[in-house]
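Spelled out from the first residue to the last, the chains are:
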Amino acid sequence: MEHCTEIILTIAGIVLVHGLIFYFLTRKSRLIKGKHVVVTGGSSGIGLWAAIECVRLGAHVTIIARNVSLLEKAKEELEKRRVRDTQMIQFRSLDLAKSYGAVTSTLDELERTVGAIYMLINCAGMAICGTVEDTSVEDARKLMDVNYFATYYPTRHVLPKMKEAGDGIIVITASQAALMGIYGYGAYAASKFALRGLAETIAMEARHRGVSVTLALPADTDTPGFENENRTKPEETKIISGSGGLAKPKDVGKRLVQDALKGSFFSIMGLESWVLSILCVGMAPWRGPLLCFVQFYLLGPLRLIGLALQWNFQRIIKNCAKQRQRT
């Protein structure tokens, strides 16, 4: 009898594992061919490559940023990659953080000329590094304006319309700094933590209305913004954040779009990001049995790895402090 029970449990386990794998592999992506996609921060970096992926998939794409010359170059790049002659490729120059009224006016005009916004990809953002006391109040406010409100305003505009339509996709691009505080990223991390809170709230409010939310958590990525970020980055921050390498914006942008179309809540790349997303999963929304199964079994062991990483970070900080004292 005991032997039969073991066989039954083994078979049940095999069936469960294969069922989870089948679910994961056959999960369908939504299609955006012929639909309107708006990408903020779409003139360069991750935003540009996300826009390129959407064009490749047949969507009508509008990119939004402030710099007109960069927008014109980006539009030319997008037009080269059209898969259909009828695809509409547009841009708008707009300071997304300036006012909610300016954002709603621009998006309303876009919807009248191109059509309802089916997918909003928020990639506008910036980084200013420095310890909390070394970051000016003006810079801290600027980071919140550019990173949070430049995402909140367009998201706030499209959300009720997507709910009414019963369909839509919102992508919020944060950072690994949205999962844990990192030396030298105080004000920046605060703005990115705010985006995670926004994404989790919208996911809870809008899922039953057919709207999905994806929170992109890129590590350091080789963008023009990253070059500016390094100018003020403390040595401790460079060592800690540099351990994960430097991702290519092309890879991050493509992955972000693919994850959003599959309905994934987190969009991540690389082992380090994957481990960090498991460690910091908290009350993140349910996104399939396989992922939840992995999180359940790995969360405990990974906590030990997390403690080891924290110890290493403190060691780096102390060593850098000693080095400065010597000089």
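Residues numbered from 1 in each chain as written. Predicted model: local features only at pLDDT ≥ 70, side-chain atom pairs only at ≥ 80, totals over all residues. Heavy atoms only, no water.

As annotated in an unreviewed UniProt entry, the protein chain carries the name 3-dehydrosphinganine reductase and comes from Anopheles coluzzii. The heading Sequence similarities (unreviewed entry) in the UniProt record of the protein chain holds the text "Belongs to the short-chain dehydrogenases/reductases (SDR) family." What the UniProt record of the protein chain gives under Subcellular location (unreviewed entry) is the line "Endoplasmic reticulum". (UniProt positions renumbered as here; feature names shortened; annotations may be inferred.)

Participant: Would you mind going over helix α6 (residues 186–206) with me for this structure?
Facilitator: Think of an α-helix as 3.6 residues a turn; residues three or four steps apart then line up on the same face. Over its 21 residues, α6 runs 30 Å from end to end, which matches the ideal 30 Å to within 8%, given 1.5 Å per residue. Regarding α6, the residues found buried are Ala187, Tyr188, Ala189, Ser191, Lys192, Leu195, Arg196, Leu198, Ala199, Ile202, Ala203 and Ala206. Buried residues along α6 sit against α5 (137–165), β5 (168–173), β6 (211–216) and β7 (266–267). (Helix = DSSP H or I, 4+ residues; strand = E, 2+ residues; numbered from the N terminus. Expected span 1.5 Å × (residues − 1). Buried < 20%, exposed > 50% of the residue type's maximum accessible area, 1.4 Å probe, protein only. Contact = heavy atoms within 4.5 Å.)

Participant: Help me understand the pairing of β5 in this model?
Facilitator: Every regular strand shows the same layout, with side chains that alternate between the two sheet faces. Within β5, six of the six residues are buried, leaving the element largely enclosed by the surrounding structure. Side-chain alternation along β5 places Gly168, Ile170 and Ile172 on one buried face and Ile169, Val171 and Thr173 on a second face that is also buried. Relative to β5, strand β4 (residues 117–122) runs parallel, the two being bridged by four bridges. The residue of β5 that forms the bridge with methionine 119 is isoleucine 169. This β-α-β element, β4 to α5 to β5, shows right-handed connectivity. As defined by bridge partners, β5 adjoins β6 across six bridges and the pair is classed as parallel. Residue valine 171 lies in a different strand from β6, and its bridge partner there is threonine 214. As for the winding sense of the linkage, the β-α-β connection from β5 through α6 to β6 is right-handed. (Pairing = 2+ DSSP bridges. Right-handed = clockwise from strand over helix to strand, strands pointing away.)

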